[in-house]
Amino acid sequence: MVTMQKVRKAVFPVAGLGTRFLPATKAIPKEMLTVVDRPVIQYVVDEALQAGIEHLIFVTGRNKGVIEDYFDIQVELSNTLAERGKTAELQLLDELQPRAGKSSFTRQQAPLGLGHAVWCARDLVGNEPFALLLPDMIMQAEKSCLSSMVELYEQSGGGNVISVETCDPKETAKYGIVGRGSEVGSGFRVDGMVEKPKPEDAPSNFFISGRYILQPEIFDILETQERGAGNEIQLTDGMLKLADRQDFYAYHFTGRTFDCGSKEGFIEANVAFALWRADIRDKVRGNLQELMETVEPARR
Ligand code: UTP
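## Some remarks on unusual backbone geometry
Now for step 1: Residue Pro-23 is bonded to the preceding Leu-22 through a cis peptide linkage, with omega at 5°.
Now for step 2: Here Pro-23 is to be found in the loop between strand 1 (9-13) and strand 2 (34-35).
Now for step 3: Of note, Val-36 is a non-glycine position whose phi angle comes to about 65°, a positive value.
Now for step 4: Tracing the chain through its elements places Val-36 in the loop between strand 2 and strand 3 (38-39).
Now for step 5: Given a relative accessible area of 29%, Val-36 falls into the partly exposed group.
Now for step 6: Despite not being glycine, Asn-231 has its phi angle at roughly 60°, a positive value.
Now for step 7: Its location among the elements puts Asn-231 in the loop between helix 8 (217-223) and helix 9 (235-243).

Right under this line is the structure:
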C-alpha cells in the first residue's frame, strides 16, 4: 500500500510520429488534427482539467512546436478580435487558456516508445502520483473518465489506477488485458496484466484504454526498461514490474471512446462530437443522412 497524495499533474505524451496519418502528419502533429472545431489535444486537456488536474506536462518531439503555440496566448489575434468587437471568440480563447506557469513542455528527442516518453517527464512530475492521458484516445461522457478514476484512486486509498473497457473476446491479442479481481469502490482490483494475449490465454476481455494514474516509482523502473515489442520502450512492460510491488485498480469506463490515432476512429469522433453539440447537431444529422444514401466509393 502506498500513501495517498493528491493527483495534481497530468502527462500528455505527444511525441509519436503519427505514421497512420501521413501525409498530414508530415507538417501537423496528429494531436492538432481537428475534431469539429478544436484540436484533439484540447479534448484530452479538458478531461484532465475536469478531473481537478492543476499542471499540464507535455512530452513533445520534432515538429510539435505548434502544440506549445496553441496553448500560449496569441497577442496579435486577441488584439484584432478585441478591435473587431468579437467578444464571444475572445471569451472562448480566454476560457481555454492555461494559466501562466501551469503547463510545462519537455522534448523526448527520439520516439523510442511510450515508456520512454513517460520517463522523459520524470523531473517535471517529481515524487508524486500523476495522471497519464494518451491524447490519441478521446472520450465522450458527461462525467470525464479521469474524474471517475480520481474518485476510485481516493476510494482505494492510493495505488495505481487504469481505465479499462471491454473488447470482443476474440480480439484480446490487439490489447493489454487485465484480470478482474475483487470489487473495490467503483472499480476492481487488477489481478494480473498480459500484453496482447491470445483469446485462450486472456484472463478477461478488459483492455487497458489510455488513461492511467501512476505512482512515481514507475520512473525508476522505466529508467532501466529494455526495449520490448516493436523495438520500443513499452509502458506496459514497466507497469507489469510495478504491479509486483504496488496495487493496481481498474475503472471500467462505459462512455464512448474514439481512437483518433486511426482514420476510422478520427472520422467517428468528428461525427460523434458534432452530434453531441446542440448548435450543429440537427444540420449535421440531415447532411450525414443524405451523404450516406448518395455517396458511392470512388472508382480509382
Ligand atoms: P502510438 O504508437 O499510437 O503513436 O502511441 P504514434 O507512433 O504517433 O502513431 P503511429 O502508430 O505512427 O500512427 C500512443 C501515444 O504515445 C505517444 C504518441 O504521440 C501517442 O499519443 N508516443 C508514442 C510518444 O510520445 N513517443 C513515442 O516514442 C511513442
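After presenting the structure, the write-up continues.
## Considerations on the site of the ligand
Now for step 1: As a structural note, the neighbourhood of the ligand is formed by 18 residues, with Gly-18, Thr-19, Arg-20, Gln-108 and Gly-113 the closest of them.
Now for step 2: Between Thr-19 and the ligand, the recorded distance is 2.5 Å, taken from a side-chain N or O atom to an oxygen atom.
Now for step 3: Interatomic distance of 3.3 Å between a side-chain N/O atom of Glu-31 and an oxygen atom of the ligand.
Now for step 4: With the chains in place, 84% of the 570 Å² that the ligand exposes on its own is no longer accessible.
Now for step 5: Of the residues contributing to the shell around the ligand, the split by class is 9 nonpolar, 5 polar and 4 charged.

## Let's talk about the packing of helix 10 (residues 263-276) against helix 11 (residues 281-294)
Now for step 1: Following both chains from N to C, one finds helix 10 and helix 11 inclined at 135°, their axes separated by 7 Å at the closest point. Comparing their axes, helix 11 and helix 10 come out oblique. In contact with Val-271, Ala-274 and Leu-275 of helix 10, helix 11 contributes Arg-281, Val-284, Arg-285 and Leu-288.
Now for step 2: Among the residues making up the contact of helix 10 with helix 11, the classes are represented as 5 nonpolar, no polar and 2 charged.

## So, the pairing of strand 6 (residues 130-133)
Now for step 1: The two faces of strand 6 match: Phe-130 and Leu-132 on one face and Ala-131 and Leu-133 on the other face are all buried.
Now for step 2: Bridging between strand 1 and strand 6 involves 3 bridges; their strand directions are parallel. Paired with Lys-9 across the bridge in strand 6 is Phe-130.
Now for step 3: Across 4 bridges, strand 6 lies against strand 11 (residues 206-214) in antiparallel orientation. Within strand 11, the residue paired with Leu-132 across the bridge is Tyr-212.

## Re the environment of Pro-203
Now for step 1: One can find Pro-203 in the loop between strand 10 (187-195) and strand 11.
Now for step 2: Judged by its relative accessible area of 43%, Pro-203 falls in the partly exposed class.
Now for step 3: Sequence-wise, Pro-203 and Val-178 are 25 residues apart; in three dimensions their C-alpha atoms are separated by 6.7 Å.
Now for step 4: Excluding anything up to four places from it in sequence, Pro-203 contacts Ile-177, Val-178, Gly-179 and Val-194.

## Quick look at the packing of helix 3 (residues 75-83) against helix 4 (residues 87-96)
Now for step 1: Running from N to C, helix 3 and helix 4 cross one another at 150°; their axes reach a closest spacing of 8 Å. Judged by the inter-axis angle, helix 3 sits roughly antiparallel to helix 4. Between helix 3 and helix 4 lies a crossing of left-handed hand. Two secondary-structure elements touch here, helix 3 through Leu-77, Ser-78, Leu-81 and Ala-82 and helix 4 through Glu-89, Leu-90 and Leu-93.
Now for step 2: In the contact of helix 3 with helix 4, the residues fall into 5 nonpolar, 1 polar and 1 charged.

## Structural notes on helix 7 (residues 145-155)
Now for step 1: The buried fraction of helix 7 amounts to 8 of the 11 residues, a majority that puts the element mostly inside the structure.
Now for step 2: Within helix 7, the full set of buried residues consists of Cys-145, Leu-146, Ser-147, Ser-148, Met-149, Val-150, Leu-152 and Tyr-153.
Now for step 3: Taken from the residues just after helix 7, Gly-157 is the one with a positive phi, measuring 80°.

## A closer look at the nonpolar core
Now for step 1: Phe-12, Val-35, Phe-58, Ile-138 and Leu-146 are the most contacted members of the largest nonpolar core, which has 42 residues in total.
Now for step 2: Of all elements in the fold, only strand 1, helix 1 (40-50), strand 4 (55-60), strand 6, strand 7 (137-140), helix 7, strand 12 (248-252) and helix 10 reach the threshold of two or more residues within this core.
Now for step 3: For Phe-12, the contacting residues outside a window of four places in its chain are Ile-41, Val-44, Val-45, Ala-48, Leu-56, Ile-57, Phe-58, Val-59 and Leu-133.
Now for step 4: Residues Ala-117, Trp-119, Phe-130 and Leu-134 belong to the second largest nonpolar core, which totals 32 residues.

Parameters and conventions
Residues numbered from 1 in each chain as written. Predicted model: local features only at pLDDT ≥ 70, side-chain atom pairs only at ≥ 80, totals over all residues. Heavy atoms only, no water. Helix = DSSP H or I, 4+ residues; strand = E, 2+ residues; numbered from the N terminus. Buried < 20%, exposed > 50% of the residue type's maximum accessible area, 1.4 Å probe, protein only. Near = heavy atom within 4 Å. Polar contact = N/O pair within 3.5 Å; in protein donor to acceptor, adjacent residues only side chain to side chain. Areas by Shrake-Rupley, 256 points an atom, 1.4 Å probe, with all protein chains shown as cover. Nonpolar A, V, L, I, M, F, W, Y, C, P; charged D, E, K, R; others polar. Axes fitted to C-alpha atoms, helices over the stretch in contact; angles between N-to-C directions. Parallel < 35°, antiparallel > 145°, perpendicular 65-115°, else oblique. Contact = heavy atoms within 4.5 Å. Pairing = 2+ DSSP bridges. Left-handed = near helix turned anticlockwise from the far one by under 90°. Core = buried A, V, L, I, M, F, W, Y, C linked by side-chain atoms within 4.5 Å.

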